[in-house]
Amino acid sequence: MTRTFLGMPATAPPGVGHLRGDEPFPAAARRGLADPQLRRNLRHATTTIRGKSGAVIAELPDWERLRAAGSAIKADVMARLPELLEQLEAAVVAAGGTVHWAADAVEANRIVTELVAATGSDRVIKVKSMATQEIGLNEALAAAGITAVETDLAELIVQLGEDRPSHILVPAIHRNRAEIREIFLRAMPGVDPGLTDEPAALAAAARRYLRQTFLTTPVAVSGANVAVAETGTLAVVESEGNGRMCLTLPETLITVMGVEKVVPTWRDLEVFLQLLPRASTGERMNPYTSMWTGVTPGDGPQNVHLVLLDNGRSAVLADEVGRQALHCIRCSACLNVCPVYERAGGHAYGSVYPGPIGAVLSPQLTGVADNASLPYASSLCGACYDACPVKINIPELLVHLRAQAPHPRAEATVMAAAAYTMDHPVLYAAAQRAARLTRFAGRRGRGLPPPLSGWTLGRDLPTPPPETFRDWWANR
Ligand code: SF4
(Lines give C-alpha, C1' and ligand atoms only; values in the text may rest on other atoms or scores of the structure.)
Protein backbone atom coordinates (compact mmCIF):
# COMPACT_ATOMS: atom_id res chain seq x y z
CA MET A 1 0.00 0.00 0.00
CA THR A 2 1.22 3.52 -0.75
CA ARG A 3 1.94 5.43 2.42
CA THR A 4 1.32 9.15 2.18
CA PHE A 5 2.30 11.44 5.00
CA LEU A 6 2.27 15.17 5.24
CA GLY A 7 5.86 15.31 6.39
CA MET A 8 4.49 17.02 9.48
CA PRO A 9 5.26 15.36 11.83
CA ALA A 10 7.69 12.62 10.69
CA THR A 11 5.31 9.87 11.91
CA ALA A 12 1.51 9.85 11.93
CA PRO A 13 0.39 9.52 15.55
CA PRO A 14 -3.24 9.10 16.61
CA GLY A 15 -5.36 12.12 17.50
CA VAL A 16 -6.13 13.20 21.05
CA GLY A 17 -8.89 15.43 22.41
CA HIS A 18 -12.66 14.92 22.47
CA LEU A 19 -12.76 11.95 20.11
CA ARG A 20 -13.68 9.11 22.47
CA GLY A 21 -16.47 8.43 24.93
CA ASP A 22 -16.15 6.83 28.35
CA GLU A 23 -18.15 3.78 27.30
CA PRO A 24 -18.83 1.76 24.12
CA PHE A 25 -21.59 2.92 21.77
CA PRO A 26 -24.20 0.25 22.70
CA ALA A 27 -24.06 1.18 26.40
CA ALA A 28 -24.24 4.93 25.70
CA ALA A 29 -27.00 4.46 23.10
CA ARG A 30 -29.19 2.66 25.63
CA ARG A 31 -29.47 5.88 27.65
CA GLY A 32 -30.58 7.84 24.58
CA LEU A 33 -33.10 5.17 23.63
CA ALA A 34 -34.62 5.33 27.10
CA ASP A 35 -35.21 9.11 26.89
CA PRO A 36 -38.52 9.76 25.08
CA GLN A 37 -38.11 13.56 25.22
CA LEU A 38 -34.73 13.34 23.51
CA ARG A 39 -36.16 11.09 20.79
CA ARG A 40 -39.10 13.44 20.22
CA ASN A 41 -36.76 16.46 19.92
CA LEU A 42 -34.48 14.63 17.53
CA ARG A 43 -37.29 13.27 15.37
CA HIS A 44 -38.87 16.70 15.04
CA ALA A 45 -35.58 18.47 14.22
CA THR A 46 -34.17 15.94 11.77
CA THR A 47 -37.51 15.56 9.95
CA THR A 48 -37.77 19.34 9.54
CA ILE A 49 -34.20 19.73 8.21
CA ARG A 50 -34.59 16.72 5.89
CA GLY A 51 -37.73 18.21 4.39
CA LYS A 52 -36.18 21.65 3.80
CA SER A 53 -32.97 20.21 2.39
CA GLY A 54 -34.75 17.79 0.05
CA ALA A 55 -36.88 20.61 -1.38
CA VAL A 56 -33.97 22.93 -2.25
CA ILE A 57 -31.81 20.10 -3.59
CA ALA A 58 -34.66 19.14 -5.94
CA GLU A 59 -34.46 22.64 -7.44
CA LEU A 60 -31.02 21.97 -8.91
CA PRO A 61 -30.99 19.86 -12.08
CA ASP A 62 -27.19 19.52 -11.84
CA TRP A 63 -27.06 18.40 -8.18
CA GLU A 64 -25.50 15.06 -9.08
CA ARG A 65 -22.86 16.80 -11.20
CA LEU A 66 -22.11 19.15 -8.30
CA ARG A 67 -21.71 16.17 -5.98
CA ALA A 68 -19.32 14.53 -8.44
CA ALA A 69 -17.34 17.78 -8.72
CA GLY A 70 -17.11 18.11 -4.92
CA SER A 71 -15.94 14.51 -4.63
CA ALA A 72 -13.31 14.97 -7.39
CA ILE A 73 -11.92 18.18 -5.87
CA LYS A 74 -11.57 16.51 -2.47
CA ALA A 75 -9.87 13.43 -3.97
CA ASP A 76 -7.40 15.74 -5.74
CA VAL A 77 -6.74 17.61 -2.47
CA MET A 78 -5.94 14.36 -0.65
CA ALA A 79 -3.58 13.27 -3.42
CA ARG A 80 -1.43 16.40 -3.06
CA LEU A 81 -2.18 17.67 0.43
CA PRO A 82 1.45 18.47 1.45
CA GLU A 83 2.01 20.64 -1.61
CA LEU A 84 -1.31 22.50 -1.18
CA LEU A 85 -0.66 23.19 2.50
CA GLU A 86 2.73 24.67 1.74
CA GLN A 87 1.14 26.82 -0.96
CA LEU A 88 -1.51 27.95 1.53
CA GLU A 89 1.10 28.79 4.14
CA ALA A 90 3.08 30.90 1.66
CA ALA A 91 -0.04 32.77 0.54
CA VAL A 92 -1.24 33.49 4.11
CA VAL A 93 2.21 34.74 5.13
CA ALA A 94 2.48 36.89 1.99
CA ALA A 95 -0.84 38.51 2.94
CA GLY A 96 0.42 39.42 6.42
CA GLY A 97 -0.86 36.44 8.42
CA THR A 98 1.08 33.96 10.56
CA VAL A 99 0.82 30.19 10.13
CA HIS A 100 1.38 27.66 12.92
CA TRP A 101 1.56 23.87 12.52
CA ALA A 102 0.04 21.72 15.29
CA ALA A 103 0.75 17.99 15.30
CA ASP A 104 -2.04 17.27 17.76
CA ALA A 105 -4.65 18.76 20.09
CA VAL A 106 -2.14 19.41 22.87
CA GLU A 107 0.14 21.44 20.61
CA ALA A 108 -2.78 23.35 19.07
CA ASN A 109 -4.13 24.28 22.51
CA ARG A 110 -0.69 25.44 23.62
CA ILE A 111 -0.27 27.62 20.52
CA VAL A 112 -3.69 29.27 20.87
CA THR A 113 -3.32 29.79 24.62
CA GLU A 114 0.07 31.48 24.16
CA LEU A 115 -1.28 33.69 21.39
CA VAL A 116 -4.22 34.83 23.53
CA ALA A 117 -2.03 35.33 26.61
CA ALA A 118 0.32 37.51 24.55
CA THR A 119 -2.55 39.93 23.86
CA GLY A 120 -3.16 40.38 27.60
CA SER A 121 -6.86 39.50 27.21
CA ASP A 122 -8.52 37.07 29.61
CA ARG A 123 -11.51 36.49 27.31
CA VAL A 124 -12.03 35.34 23.71
CA ILE A 125 -15.15 35.26 21.56
CA LYS A 126 -15.64 32.17 19.44
CA VAL A 127 -17.26 31.29 16.15
CA LYS A 128 -18.71 27.78 16.20
CA SER A 129 -15.94 25.40 15.21
CA MET A 130 -15.70 21.61 15.20
CA ALA A 131 -11.88 21.73 15.20
CA THR A 132 -11.75 23.68 18.49
CA GLN A 133 -14.32 21.34 20.03
CA GLU A 134 -12.23 18.38 18.88
CA ILE A 135 -9.11 19.70 20.65
CA GLY A 136 -10.99 20.81 23.80
CA LEU A 137 -9.82 24.41 23.40
CA ASN A 138 -12.32 25.96 25.82
CA GLU A 139 -11.10 23.73 28.64
CA ALA A 140 -7.44 24.45 27.81
CA LEU A 141 -8.10 28.19 27.80
CA ALA A 142 -10.01 27.95 31.08
CA ALA A 143 -7.03 26.19 32.67
CA ALA A 144 -4.95 29.22 31.69
CA GLY A 145 -7.50 31.63 33.20
CA ILE A 146 -9.02 32.64 29.84
CA THR A 147 -12.79 32.57 29.33
CA ALA A 148 -14.07 31.44 25.92
CA VAL A 149 -17.55 32.76 25.03
CA GLU A 150 -19.40 30.78 22.36
CA THR A 151 -21.38 33.17 20.14
CA ASP A 152 -23.39 30.75 17.99
CA LEU A 153 -26.83 30.53 19.63
CA ALA A 154 -26.98 26.74 19.85
CA GLU A 155 -23.37 26.52 20.97
CA LEU A 156 -24.09 29.15 23.64
CA ILE A 157 -27.03 27.06 24.89
CA VAL A 158 -24.72 24.06 25.19
CA GLN A 159 -22.04 26.11 26.96
CA LEU A 160 -24.41 27.76 29.47
CA GLY A 161 -26.09 24.40 30.12
CA GLU A 162 -22.67 22.82 30.84
CA ASP A 163 -23.73 20.27 28.28
CA ARG A 164 -22.10 18.58 25.27
CA PRO A 165 -23.05 19.23 21.62
CA SER A 166 -25.04 16.38 20.05
CA HIS A 167 -25.18 17.45 16.39
CA ILE A 168 -22.54 18.98 14.11
CA LEU A 169 -24.74 21.80 12.86
CA VAL A 170 -27.37 22.12 15.56
CA PRO A 171 -25.38 21.38 18.73
CA ALA A 172 -28.44 21.83 21.00
CA ILE A 173 -30.76 19.71 18.84
CA HIS A 174 -31.53 17.59 21.91
CA ARG A 175 -33.03 20.61 23.75
CA ASN A 176 -36.51 22.05 23.28
CA ARG A 177 -37.41 25.67 23.93
CA ALA A 178 -38.69 25.13 27.47
CA GLU A 179 -35.36 23.57 28.40
CA ILE A 180 -33.49 26.46 26.71
CA ARG A 181 -35.49 29.05 28.69
CA GLU A 182 -34.61 27.24 31.90
CA ILE A 183 -30.87 27.23 30.96
CA PHE A 184 -30.92 30.97 30.13
CA LEU A 185 -32.68 31.85 33.40
CA ARG A 186 -30.17 29.80 35.35
CA ALA A 187 -26.90 30.73 33.62
CA MET A 188 -27.10 33.80 31.37
CA PRO A 189 -25.72 36.95 33.05
CA GLY A 190 -28.25 39.80 33.24
CA VAL A 191 -31.18 37.84 31.79
CA ASP A 192 -34.74 39.16 32.26
CA PRO A 193 -36.43 36.95 34.93
CA GLY A 194 -39.72 37.26 32.96
CA LEU A 195 -38.19 35.54 29.89
CA THR A 196 -40.70 33.39 27.97
CA ASP A 197 -39.94 30.35 25.81
CA GLU A 198 -40.96 32.11 22.58
CA PRO A 199 -38.12 31.57 20.04
CA ALA A 200 -37.94 35.33 19.30
CA ALA A 201 -37.65 36.15 23.02
CA LEU A 202 -34.93 33.56 23.53
CA ALA A 203 -32.97 34.87 20.52
CA ALA A 204 -33.34 38.47 21.74
CA ALA A 205 -32.00 37.53 25.19
CA ALA A 206 -28.96 35.88 23.61
CA ARG A 207 -28.45 38.89 21.33
CA ARG A 208 -28.46 41.33 24.24
CA TYR A 209 -25.93 39.24 26.16
CA LEU A 210 -23.63 38.69 23.17
CA ARG A 211 -23.69 42.23 21.78
CA GLN A 212 -21.88 43.60 24.81
CA THR A 213 -19.34 40.75 24.66
CA PHE A 214 -18.60 41.39 20.95
CA LEU A 215 -17.87 45.03 21.62
CA THR A 216 -15.53 44.51 24.55
CA THR A 217 -13.42 41.45 23.58
CA PRO A 218 -10.23 42.04 21.56
CA VAL A 219 -9.52 38.41 20.54
CA ALA A 220 -11.59 35.94 18.49
CA VAL A 221 -11.09 32.26 17.74
CA SER A 222 -12.70 30.64 14.72
CA GLY A 223 -12.58 27.51 12.63
CA ALA A 224 -12.69 27.60 8.83
CA ASN A 225 -14.97 25.83 6.38
CA VAL A 226 -12.50 26.26 3.54
CA ALA A 227 -9.01 27.65 2.90
CA VAL A 228 -7.92 28.54 -0.63
CA ALA A 229 -4.32 27.55 -1.33
CA GLU A 230 -3.75 29.88 -4.29
CA THR A 231 -4.80 33.07 -2.44
CA GLY A 232 -4.46 32.24 1.28
CA THR A 233 -8.15 33.12 1.77
CA LEU A 234 -10.06 31.58 4.69
CA ALA A 235 -13.85 31.25 4.67
CA VAL A 236 -16.49 30.75 7.36
CA VAL A 237 -20.14 30.18 6.52
CA GLU A 238 -22.83 30.69 9.16
CA SER A 239 -26.44 31.73 9.60
CA GLU A 240 -26.64 34.16 12.51
CA GLY A 241 -24.12 36.93 11.83
CA ASN A 242 -22.26 36.16 15.06
CA GLY A 243 -19.40 34.83 12.95
CA ARG A 244 -19.18 38.06 10.96
CA MET A 245 -18.92 40.01 14.27
CA CYS A 246 -16.14 37.75 15.57
CA LEU A 247 -14.23 37.84 12.29
CA THR A 248 -14.29 41.62 11.85
CA LEU A 249 -14.46 43.38 15.26
CA PRO A 250 -11.49 42.06 17.30
CA GLU A 251 -7.89 43.15 16.93
CA THR A 252 -6.60 39.54 16.92
CA LEU A 253 -8.14 36.64 15.01
CA ILE A 254 -6.92 33.07 15.53
CA THR A 255 -8.26 30.35 13.22
CA VAL A 256 -7.86 26.65 13.99
CA MET A 257 -8.41 24.49 10.90
CA GLY A 258 -8.03 20.79 10.15
CA VAL A 259 -5.46 20.35 7.38
CA GLU A 260 -8.02 18.64 5.11
CA LYS A 261 -10.07 21.84 4.65
CA VAL A 262 -7.75 23.32 2.02
CA VAL A 263 -8.91 23.57 -1.63
CA PRO A 264 -6.61 24.41 -4.54
CA THR A 265 -8.29 27.41 -6.17
CA TRP A 266 -10.78 30.21 -5.57
CA ARG A 267 -12.92 28.69 -8.32
CA ASP A 268 -13.45 25.56 -6.18
CA LEU A 269 -15.52 27.64 -3.77
CA GLU A 270 -18.35 27.78 -6.28
CA VAL A 271 -18.89 24.04 -5.83
CA PHE A 272 -18.79 23.91 -2.05
CA LEU A 273 -20.79 27.10 -1.51
CA GLN A 274 -23.62 25.48 -3.47
CA LEU A 275 -23.35 22.02 -1.92
CA LEU A 276 -23.00 23.03 1.73
CA PRO A 277 -26.08 25.21 2.42
CA ARG A 278 -28.50 23.00 0.51
CA ALA A 279 -27.26 19.80 2.16
CA SER A 280 -26.93 21.24 5.66
CA THR A 281 -29.54 23.85 6.59
CA GLY A 282 -31.71 23.48 3.49
CA GLU A 283 -30.94 27.01 2.33
CA ARG A 284 -30.12 28.12 -1.21
CA MET A 285 -27.10 30.07 0.00
CA ASN A 286 -25.58 30.75 3.38
CA PRO A 287 -26.90 33.91 5.04
CA TYR A 288 -23.34 34.94 6.02
CA THR A 289 -20.26 33.92 4.04
CA SER A 290 -17.18 35.67 5.47
CA MET A 291 -13.82 35.51 3.72
CA TRP A 292 -10.53 37.10 4.70
CA THR A 293 -7.04 37.04 3.26
CA GLY A 294 -4.33 37.91 5.77
CA VAL A 295 -4.35 41.47 7.12
CA THR A 296 -5.86 44.59 5.54
CA PRO A 297 -4.29 47.66 7.21
CA GLY A 298 -6.90 49.69 9.10
CA ASP A 299 -9.71 47.23 8.35
CA GLY A 300 -10.60 44.25 10.51
CA PRO A 301 -8.21 42.20 12.68
CA GLN A 302 -4.61 43.37 12.46
CA ASN A 303 -3.11 40.17 13.91
CA VAL A 304 -4.24 37.14 11.90
CA HIS A 305 -3.11 33.62 12.81
CA LEU A 306 -3.87 30.27 11.20
CA VAL A 307 -3.24 27.07 13.18
CA LEU A 308 -3.11 24.03 10.88
CA LEU A 309 -4.22 21.00 12.86
CA ASP A 310 -3.20 17.41 12.13
CA ASN A 311 -4.36 15.45 15.23
CA GLY A 312 -4.52 12.06 13.51
CA ARG A 313 -5.36 13.26 10.01
CA SER A 314 -2.03 12.13 8.55
CA ALA A 315 -2.79 8.62 9.79
CA VAL A 316 -6.23 8.75 8.11
CA LEU A 317 -4.64 10.02 4.90
CA ALA A 318 -2.29 7.03 4.89
CA ASP A 319 -5.27 4.67 4.46
CA GLU A 320 -6.33 4.87 0.83
CA VAL A 321 -9.87 3.66 1.59
CA GLY A 322 -10.27 5.43 4.92
CA ARG A 323 -9.09 8.82 3.69
CA GLN A 324 -12.51 9.46 2.12
CA ALA A 325 -13.60 10.50 5.60
CA LEU A 326 -11.36 13.57 5.22
CA HIS A 327 -13.54 14.74 2.30
CA CYS A 328 -16.27 15.69 4.79
CA ILE A 329 -17.52 19.27 4.66
CA ARG A 330 -19.43 18.90 7.98
CA CYS A 331 -22.85 19.53 6.48
CA SER A 332 -24.49 16.95 8.81
CA ALA A 333 -26.82 15.60 6.11
CA CYS A 334 -25.75 12.07 7.03
CA LEU A 335 -26.87 12.63 10.63
CA ASN A 336 -30.28 13.88 9.56
CA VAL A 337 -31.06 10.75 7.53
CA CYS A 338 -29.54 8.16 9.86
CA PRO A 339 -32.07 5.95 11.71
CA VAL A 340 -29.48 5.04 14.33
CA TYR A 341 -28.57 8.69 15.06
CA GLU A 342 -32.22 9.70 15.21
CA ARG A 343 -32.90 7.17 17.93
CA ALA A 344 -29.65 7.07 19.91
CA GLY A 345 -28.77 10.80 19.77
CA GLY A 346 -25.38 12.41 19.33
CA HIS A 347 -23.97 11.87 22.82
CA ALA A 348 -23.96 8.11 22.30
CA TYR A 349 -21.04 8.45 19.88
CA GLY A 350 -18.75 9.81 22.62
CA SER A 351 -16.80 11.93 20.14
CA VAL A 352 -17.54 15.52 19.07
CA TYR A 353 -18.27 13.97 15.65
CA PRO A 354 -21.59 12.10 15.97
CA GLY A 355 -23.68 10.18 13.45
CA PRO A 356 -22.43 8.28 10.41
CA ILE A 357 -19.45 10.56 9.76
CA GLY A 358 -18.47 10.27 13.43
CA ALA A 359 -18.66 6.48 13.18
CA VAL A 360 -16.00 6.50 10.46
CA LEU A 361 -13.93 9.59 11.31
CA SER A 362 -13.44 9.28 15.08
CA PRO A 363 -12.10 5.68 15.00
CA GLN A 364 -9.66 6.62 12.29
CA LEU A 365 -8.42 9.72 14.10
CA THR A 366 -7.86 7.81 17.34
CA GLY A 367 -6.92 4.43 15.87
CA VAL A 368 -9.71 1.87 15.41
CA ALA A 369 -8.76 -0.20 18.47
CA ASP A 370 -9.39 2.85 20.65
CA ASN A 371 -12.92 3.43 19.31
CA ALA A 372 -13.84 -0.07 18.21
CA SER A 373 -17.61 0.03 18.80
CA LEU A 374 -18.30 3.02 16.50
CA PRO A 375 -17.98 1.26 13.11
CA TYR A 376 -20.84 -0.97 14.33
CA ALA A 377 -23.12 2.00 15.12
CA SER A 378 -24.91 1.59 11.81
CA SER A 379 -27.45 -0.63 10.10
CA LEU A 380 -25.53 -0.18 6.79
CA CYS A 381 -28.77 1.02 5.19
CA GLY A 382 -26.82 3.40 2.93
CA ALA A 383 -28.97 6.51 3.47
CA CYS A 384 -25.86 8.47 4.53
CA TYR A 385 -24.11 7.69 1.25
CA ASP A 386 -27.12 8.88 -0.76
CA ALA A 387 -27.35 12.10 1.26
CA CYS A 388 -23.66 13.03 1.34
CA PRO A 389 -22.99 16.04 -0.92
CA VAL A 390 -19.42 14.92 -1.56
CA LYS A 391 -20.37 11.26 -2.06
CA ILE A 392 -18.41 9.74 0.81
CA ASN A 393 -19.14 6.02 0.74
CA ILE A 394 -19.76 5.72 4.47
CA PRO A 395 -21.11 2.12 4.35
CA GLU A 396 -17.94 1.01 2.55
CA LEU A 397 -15.84 2.75 5.21
CA LEU A 398 -17.83 1.17 8.04
CA VAL A 399 -17.21 -2.32 6.65
CA HIS A 400 -13.53 -1.45 6.06
CA LEU A 401 -13.14 -0.33 9.68
CA ARG A 402 -15.07 -3.30 11.09
CA ALA A 403 -12.41 -5.51 9.52
CA GLN A 404 -9.73 -3.54 11.41
CA ALA A 405 -11.54 -3.55 14.76
CA PRO A 406 -10.26 -6.07 17.32
CA HIS A 407 -12.56 -9.09 17.49
CA PRO A 408 -13.10 -11.32 20.55
CA ARG A 409 -11.05 -14.51 20.45
CA ALA A 410 -14.22 -16.68 20.41
CA GLU A 411 -15.54 -14.85 17.35
CA ALA A 412 -12.22 -15.13 15.53
CA THR A 413 -12.11 -18.87 16.30
CA VAL A 414 -15.67 -19.44 15.03
CA MET A 415 -14.96 -17.46 11.86
CA ALA A 416 -11.75 -19.41 11.20
CA ALA A 417 -13.64 -22.70 11.69
CA ALA A 418 -16.41 -21.52 9.33
CA ALA A 419 -13.84 -20.52 6.69
CA TYR A 420 -12.12 -23.92 6.98
CA THR A 421 -15.44 -25.75 6.69
CA MET A 422 -16.53 -23.79 3.62
CA ASP A 423 -13.18 -24.52 2.03
CA HIS A 424 -13.70 -28.33 2.34
CA PRO A 425 -16.77 -29.68 0.46
CA VAL A 426 -17.14 -32.87 2.49
CA LEU A 427 -17.07 -30.96 5.77
CA TYR A 428 -19.45 -28.36 4.36
CA ALA A 429 -22.01 -31.01 3.33
CA ALA A 430 -21.78 -32.56 6.80
CA ALA A 431 -22.28 -29.14 8.41
CA GLN A 432 -25.40 -28.58 6.30
CA ARG A 433 -26.81 -31.91 7.41
CA ALA A 434 -26.04 -31.01 11.03
CA ALA A 435 -27.67 -27.60 10.60
CA ARG A 436 -30.94 -29.32 9.78
CA LEU A 437 -31.00 -30.60 13.35
CA THR A 438 -31.44 -27.03 14.58
CA ARG A 439 -35.01 -27.29 13.20
CA PHE A 440 -35.71 -29.33 16.29
CA ALA A 441 -34.10 -26.72 18.59
CA GLY A 442 -37.30 -24.73 18.76
CA ARG A 443 -39.24 -21.99 17.03
CA ARG A 444 -37.57 -19.41 14.80
CA GLY A 445 -35.82 -16.62 16.67
CA ARG A 446 -35.09 -18.64 19.77
CA GLY A 447 -31.39 -17.94 19.47
CA LEU A 448 -28.18 -19.89 19.95
CA PRO A 449 -27.00 -21.25 23.30
CA PRO A 450 -23.96 -19.69 25.08
CA PRO A 451 -21.20 -18.92 24.18
CA LEU A 452 -22.80 -18.09 20.78
CA SER A 453 -25.88 -16.42 22.27
CA GLY A 454 -24.48 -12.91 21.68
CA TRP A 455 -24.76 -13.46 17.93
CA THR A 456 -28.52 -14.03 18.11
CA LEU A 457 -29.23 -11.41 20.77
CA GLY A 458 -30.25 -8.87 18.14
CA ARG A 459 -31.14 -11.11 15.20
CA ASP A 460 -33.30 -14.14 14.49
CA LEU A 461 -31.73 -17.49 13.78
CA PRO A 462 -33.04 -18.47 10.34
CA THR A 463 -34.75 -21.83 10.03
CA PRO A 464 -32.73 -24.10 7.69
CA PRO A 465 -34.65 -25.05 4.51
CA PRO A 466 -36.09 -28.62 4.39
CA GLU A 467 -33.94 -29.32 1.32
CA THR A 468 -30.47 -27.88 0.58
CA PHE A 469 -29.32 -26.94 -2.92
CA ARG A 470 -26.97 -29.95 -2.89
CA ASP A 471 -29.89 -32.31 -2.12
CA TRP A 472 -32.01 -30.66 -4.80
CA TRP A 473 -29.17 -31.02 -7.34
CA ALA A 474 -28.47 -34.65 -6.37
CA ASN A 475 -32.15 -35.54 -6.75
CA ARG A 476 -32.07 -34.39 -10.36
S1 SF4 B 1 -20.01 12.73 5.66
FE2 SF4 B 1 -21.01 13.82 3.96
S3 SF4 B 1 -23.14 14.03 4.68
FE4 SF4 B 1 -21.93 13.56 6.52
S5 SF4 B 1 -21.37 15.54 7.39
FE6 SF4 B 1 -19.68 14.94 6.03
S7 SF4 B 1 -20.15 15.86 4.05
FE8 SF4 B 1 -22.03 15.92 5.25
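See the structure printed just above.
Residues numbered from 1 in each chain as written. Predicted model: local features only at pLDDT ≥ 70, side-chain atom pairs only at ≥ 80, totals over all residues. Heavy atoms only, no water.

> What is the right way to read helix 1 (residues 25-33) from this model?
Since the α-helix advances by 3.6 residues per turn, residues separated by three or four positions end up pointing in the same direction. Looking at helix 1, one finds that the buried residues are Phe25, Ala28, Ala29 and Gly32. Across the axial projection of helix 1, the buried residues extend over an arc of 100°, all falling on one side. Projecting away from the buried face of helix 1 at angles above 90 degrees are the exposed residues Arg30 and Arg31. Here the buried face of helix 1 lies against helix 2 (36-57) and helix 15 (339-344). (Buried < 20%, exposed > 50% of the residue type's maximum accessible area, 1.4 Å probe, protein only. Helix = DSSP H or I, 4+ residues; strand = E, 2+ residues; numbered from the N terminus. Arc of directions from axis to C-beta. Contact = heavy atoms within 4.5 Å.)

> Help me understand the layout of surface pockets in this model?
Which parts of space are left empty comes out when a probe the size of a water molecule is rolled across the atoms. Taken as a whole, the largest pocket encloses approximately 1,900 Å³ of empty space. Looking at the largest pocket, it is lined by 45 residues, and the ones nearest its centre are Met415, Leu448, Leu452, Trp455 and Arg459. Listed by contribution, the elements that provide at least two residues to the lining of the largest pocket are helix 1, helix 15, helix 19 (409-423) and helix 20 (425-436). A total of seven residues in the lining of the largest pocket trace back to one element, the largest contributor, which is helix 19. Looking at the lining of the largest pocket residue by residue, the class counts come to 29 nonpolar, nine polar and seven charged. (1 Å grid on protein atoms, 1.4 Å probe; cavity = no way out; pocket = protein on both sides within 12 Å on 5 of 7 lines; lining within 4 Å. Points joined across faces, edges and corners; volume = space filled by probe spheres on them. Nonpolar A, V, L, I, M, F, W, Y, C, P; charged D, E, K, R; others polar.)

> Looking at this structure, I do not really get unusual backbone geometry. What am I missing?
Across residues other than glycine, the phi torsion is negative in most instances, and most of the peptide bonds are trans. Positioned with a positive phi, Arg330 is a non-glycine residue whose angle comes to about 55°. In this fold, Arg330 is placed in the loop between helix 13 (313-317) and helix 14 (333-337). A positive phi angle is found at Lys391, which is not glycine, with a value near 55°.

> Could you clarify how one ought to interpret helix 16 (residues 355-366) in this entry?
End to end, helix 16 covers 16 Å across 12 residues, agreeing with the expected 16 Å (1.5 Å per residue, within 8%). Most of helix 16 sits out of view: 12 of its 12 residues are buried. Along helix 16, the residues that are buried comprise Gly355, Pro356, Ile357, Gly358, Ala359, Val360, Leu361, Ser362, Pro363, Gln364, Leu365 and Thr366. Lining the buried residues of helix 16 we find helix 6 (130-135), helix 13, helix 14, helix 15, helix 17 (383-387) and helix 18 (394-404). Looking at the residues trailing helix 16, positive phi occurs at Gly367, about 95°. (Expected span 1.5 Å × (residues − 1).)

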